[in-house]
Amino acid sequence: MTVLSGAREGAITGLRGLIARAMARDLCAFVVPGADVARARGLDVGAAGLHRTDTPRHANVLLVAGPVTPALVEAASVVWAQMPRPRAILALEAGDIAPLPAPDAAGVLAQDGLVAGLADLRRAFVGGAFAEQVADFEAPALTTQIEYTCPMHPEVISDEPGKCPKCGMVLVEREVSGAAQKGHEGHEGHEGHEGHEGHEGHEGHEGHEGHEGHEGHEGHEGHEGHEGHEGHEGHEKSPERPAQAENTGHSAHAVHAPEQPATYTCPMHPEVTSDRPGSCPKCGMDLVPRGQAGEHGDGGHSGHGGHGSHAGHGSHAGHGGHGDHGGHGGHEEHGGHGSAPDIPGIEPHFMSMVGLTEGKPVSPDGLVMEWIDAPFGPFFPGLPGGLGLTLTLDGDSVVRAAVSSHASGPPAPDLAAKDLPDRLAALSPLAPGALRELACRALESVSGIAPGPDAATARAAAVERERVASHLNWLADLARQTGLSWLERRAAALHQGLRAAGTDEIARRAPAIRALAGRVRRTPLLRDKLAGIGRIGTSGAEGIVGPVARATGLATDARADDPAYAELGFATLTQTSGDAWARLSQRLAEIGQSLDLIARAGAIALPEAPAPLPRDGHGMASLETPRGKATLHLILKDGSAGTVHLTTPFAALAALVEPMTRQMELAEALTAIASLDLDPWGVDA
Amino acid sequence: MSIVLVLLALAIGCYLVAVFEGWAVHGRFSLMRPAISALALLGREQILPRTPDRLFFETGPILLLVAGLLSVAVIPLAPGLIITDLAIGALFLNAALAYVLVALIMAGWGPNGAYAMVGGWRFLGQFIAYAMLIVMPITAVAMRAESLSTTQIVLSQAALWNVVYQPIGFVLFVIAALGVAWLPPIDLPTGGGDLAGGVEAEYTGARLAVWRLARLVIVVALSGATVTFYFGGWLGPWLPGWAWTALKTVAVAAAMLTLGRHLPRLREERYLAVSWKLGISLALANIFLVGVIALLVPI
């Protein structure tokens, strides 16, 4: 009997045999690179009897659905490390998945392959879920190493202990993950130990209590005051983490208040001042003297540079607690920093929390909390698979969002021109048909061979079929994110039936698809949930394309200039409000419109590369993909694709994420991002 | 004896609720599934996240289970078939359910993970929304019964069930109960697609099994409370009392598990706003109306 690659250690007993059989019947999969990609590649995970989980912690199968890029395999190895044993890998035409162990079952990338692979996996679980000896797995992205840094100058990093070249302080050690060092996205959560969730995974076996040693830095201890740098211990790595000093917070507000002759003030209300002790008229707290403030005030904070004794800095810690330096007005005196008396070898602001927090982002709401960088990708349920997203959270509101894609790299330089359509189609699992059509159009523009009108409408119908399928796929993801499980199942089923259907089949399924669109519009509270989320005005819509732009009322659609579509009677649809609800309405309307266009075209044909192709030439084509206009520039040299430049809607849409989600509640931010329907594949090709 | 019987009924109830939940989530009805899932879960490795708050991490699921069991203690299955017939039963139920909040925050804080922590704090916000709405409708129920004893409350509905007598209170109580048990569409702390499991995200193996069992106990307890307060408990013709309670409880639980899945997850601020601005006003109106009716009409 073969043993699972992720078997659990333990002698095989009767009870364990029973448990193994139960596991075989209760397979829960974490889908890589994502449910949307799996659906687009023809897999219906639920219909195969596999339960899809939201977190690797609850899964016992890692389903790798089709080829993935090396960056995604690395992220998948982190997911694998987080899954509890016994666990297994099912790979469907995934290619080389090292450093993941060899798959326990494999198959072709189709529903049949998935079902057959699951049957194999069930047998493997019954026989090999437990083993006397099991192999360890260490995700390379999670291996950590020690480096040394200066508590005051996070940019100073050294491999060995020593002193900071800027201030002469002793460097302190900290742990960094291998992935973080390589600057790999998606694992930002690792660096530093606040790390948390998601990818913090590890083989965190019950016994691995060695980690407890880090506990010292997880609370806020170490932040009060700066006497004693042990507090820093390097563990809170974050150069851009303004959180360090919040504990001392308000009690030190006074230190920063504007200079006035008054000498007593309320710890909570810096605007309350008095020249004698007493209690605050607003909150009743005892007023505190602000003598210390005066002392430092005159010299500006420049004086900090010269402090020899750390003891005095208890009060300075309060500057961090302030959080927003603009908020209280009166910080103009900081200007004094410029004239700091320079001490040789020591930077101005040395040891000053003003210096440490200056220029750091702070919460606009004035509350100071520890900020967390949390990864919401590349495999986050409810967001497109492969989309790298890191949100910096201040409580549960988003202060920063970083989006990245997992590009598949440029085509090989000696790519034969006639292979270009296949190569481009393989770039994006979410819109292969549109990219194939685009490549063929570009080749036609090089060769000057135009398809006949009938062929052109049939090819347009193929693009429209993909648009309907793509919008249904998006709808299933949105349903996942909003908790509408019936809609997820229904949209996924309709998507599977449609993605490769002929015109007759589509005509037969069209009523069900239209009915679904109607039912979505009538879903109670859905409008309430989406209205006003991620609103883009017409003025903010410049440069963006596709349904997102049309939802703001901007009639930009590459199909409007296409003679094939003119023949089919195409007219651009738009919405007005520009929010997530408008984007949903727009896509639902486009589903209906595309079904009409397919019915009028009457036939569906996939494009072929034109022949004969000239050996040299320059061509360009653009096409309205399901997500907006894509453009392809192509230069042929000696019969191969010399230069290929593809512009997809991703960059313009991804640029919306950061301004759109700023200060949004987490769930709403994720809804807003999902409503953009980002396709992270096939960028930069 | 009655303790054993009630616990047995509770176990069966939890199992049936798990069957219904599997049906609602996966769209497949299977009587075996919960048993298989539970067994599979027990065989899985228990992973301890890095640098957890060990005390909170371990206590969370157990405290949740204790809170659920305590609230079951005051729900009568039939006359005399109750773990403890406290004179302040309705109040005790509230007190026990208050620990649900503590357990979720512990489970959110304990694992030292972002998703879990956001989930835990989200539940704190959710608590602020449902807290008043679980208490105020019970006030009106107790006014009619002139007692806080759950047995007395059932007996007070002999002529007319409270669901007809005070429908506003019923609706408010059910919405609040969905919040307590974080059932869709108010499953903010776990939020499938938007928080990747939330407070549950870091639990595996037996700890997760305890957690899920505790959640089922709470759902059954809240369904039982709804039946006791609004559907006349064991009252009904032909069948023995315990059978009526069991039937009604399972029916209410099935409704609570399935209906909400046709709605999108609520926005937290919207839930809070509606609960306070509309819910509390309605709850006060309900208390007033019930008071007037109780004075004027002797039923």
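Just so you know, these numbers come straight off a predicted model, no measurement behind them.

J.: So what's going on with the packing of helix α12 (residues 453–482) of chain A against helix α13 (residues 485–498) of chain A? Residues and values would help.
T.: Residues and elements named next belong to chain A. Where α12 contacts α13, the axes come no closer than 8 Å and their chain directions differ by 160°. The angle between α12 and α13 falls in the class roughly antiparallel. For the pair α12 and α13, the sense of crossing is left-handed. Contacts between α12 and α13 involve Arg465, Val468, Ala469, Leu472, Asn473, Leu475, Ala476, Ala479 and Arg480 from the first element and Leu487, Glu488, Ala491, Ala492, Leu494, His495 and Leu498 from the second.

J.: Talk me through the pattern of salt bridges; I want residue IDs and the actual numbers.
T.: Residues and elements named next belong to chain A. For the coordinates displayed, the defined rule picks out 34 salt bridges over all chains. Glu505 is paired through a salt bridge with Arg508; the nearest N and O atoms lie 2.9 Å apart. Here the residue Glu505 and the residue Arg508 both occupy positions in helix α14 (residues 503–522), the gap between them amounting to 3 residues, near one helical turn. Residue class for Arg508 comes out exposed when judged on its relative accessible area of 59%. With a shortest N-O distance of 2.9 Å, Asp596 and Arg514 are connected by a salt bridge. Here the residue Asp596 occupies a position in helix α18 (residues 580–601), and Arg514 occupies one in helix α14, the gap between them amounting to 82 residues. The class of Asp596 is partly exposed, set by a relative accessible area of 31%. Overall, the relative accessible area of 37% leaves Arg514 in the partly exposed class. Connected through salt bridges with shared partners, the residues Glu464, Arg467, Arg550, Asp557, Arg559, Glu590 and Glu624 form a single ionic network.

J.: Any chance you could break down the UniProt feature "transmembrane region" (unreviewed entry) in chain B for me, citing the residues and the numbers?
T.: All names here are of chain B. Per the UniProt annotation, the sites labelled "transmembrane region" (unreviewed entry) are residues 55–75, 87–109, 121–143, 163–183, 213–235, 241–259 and 271–297. In the segment residues 55–75, helix accounts for 86% and strand for 0%; the C-alpha atoms at its two ends are 31 Å apart. Between the end C-alpha atoms of residues 121–143 there is a gap of 34 Å, over a span that is 100% helix and 0% strand.

J.: Describe the pairing of strand β5 (residues 88–92) of chain A, listing the residues and the values that go with them.
T.: All names here are of chain A. With 5 of 5 residues buried, β5 is to be regarded as a mostly interior element. With burial as the criterion, each face of β5 is covered, one bearing Ala88, Leu90 and Leu92 and the other bearing Ile89 and Ala91. Pairing between strand β4 (residues 61–65) and β5: 5 bridges, direction parallel. Paired with Leu63 across the bridge in β5 is Leu90. Note on the crossover from β4 through helix α3 (residues 70–82) to β5: the handedness is right-handed. For β5 and strand β6 (residues 105–107), the ladder comprises 3 bridges, and the chain directions are parallel.

J.: An account of the pairing of strand β19 (residues 640–647) of chain A is requested, with residue identities and associated values reported.
T.: Residues and elements named next belong to chain A. When strand β18 (residues 628–637) meets β19, the two strands line up antiparallel, connected through 7 bridges. Across the sheet, residue Leu636 finds its bridge partner in β19, namely Ala641. Counting the residues that bridge the hairpin from β18 to β19 gives 2 residues, and of these Asp638 lies at a positive phi of roughly 55°.

J.: Summarise the packing of aromatic side chains; cite the residues concerned and give the values.
T.: For the structure shown, the criterion picks out 17 aromatic pairs over all chains. An angle of 80° between the planes, with centres 6.0 Å apart, marks the rings of B:Phe123 and B:Trp182 as edge-to-face. On the criterion of sequence distance, the pair formed by B:Phe123 in helix α5 (residues 114–145) and B:Trp182 in the loop between α8 (167–180) and α9 (192–195) is long-range, its members being 59 residues apart. Each member of the pair, B:Phe123 as well as B:Trp182, carries the same accessibility label: buried. Aromatic rings pair up to connect B:Phe57, B:Phe123, B:Phe127, B:Tyr130, B:Trp182, B:Tyr203 and B:Trp211 into one cluster. Above the ring of A:Trp474, the side-chain terminus of A:Arg587 is found at 4.2 Å from the ring centroid.

J.: Summarise the sheet that holds strand β15 (residues 388–394) of chain A; cite the residues concerned and give the values.
T.: Residues and elements named next belong to chain A. If you trace the 3 strands from one edge of the open sheet to the other, you get β14-β15-β16, paired in antiparallel fashion. Looking along the sheet, the strands with just one partner apiece sit at the ends: β14 (371–375) and β16 (397–404). Pairwise comparison of adjacent strand axes, ignoring direction, gives a mean angle of 20° for this sheet. Taken together, the 5 bridges between β14 and β15 define a ladder with antiparallel strand orientation. Looking at β15, one finds that Ala374 is bridged to Leu391. Here helix α19 (residues 650–661) sits on the sheet in contact with β15 and β16, set at roughly 165° to β16.

J.: Explain the nonpolar core to me, and be specific about the residues and the numbers.
T.: With 98 residues, the main nonpolar core has A:Phe376 and A:Leu584 as its most contacted residues. It is α12(A) that provides the largest number of residues to this core, a total of 11 residues. Apart from residues lying up to four places away in sequence, A:Phe376 is in contact with A:Leu383, A:Leu387, A:Leu389, A:Leu391, A:Leu393, A:Leu666, A:Leu670, B:Tyr115 and B:Asp194. Formed by 83 residues, the second largest nonpolar core is a distinct cluster that contains B:Val74, B:Met136, B:Tyr203 and B:Ala253.

About the criteria used
Residues numbered from 1 in each chain as written. Chains lettered and ligands numbered in written order. Predicted model: local features only at pLDDT ≥ 70, side-chain atom pairs only at ≥ 80, totals over all residues. Heavy atoms only, no water. Axes fitted to C-alpha atoms, helices over the stretch in contact; angles between N-to-C directions. Helix = DSSP H or I, 4+ residues; strand = E, 2+ residues; numbered from the N terminus. Parallel < 35°, antiparallel > 145°, perpendicular 65-115°, else oblique. Left-handed = near helix turned anticlockwise from the far one by under 90°. Contact = heavy atoms within 4.5 Å. Salt bridge = Lys/Arg side-chain N within 4 Å of Asp/Glu carboxyl O. Buried < 20%, exposed > 50% of the residue type's maximum accessible area, 1.4 Å probe, protein only. UniProt positions renumbered as here; feature names shortened; annotations may be inferred. Pairing = 2+ DSSP bridges. Right-handed = clockwise from strand over helix to strand, strands pointing away. Phe/Tyr/Trp six-rings, centres within 6.5 Å; stacked < 30°, edge-to-face > 60°. Lys NZ or Arg CZ within 6 Å of the ring centre and 35° of its normal. Core = buried A, V, L, I, M, F, W, Y, C linked by side-chain atoms within 4.5 Å.

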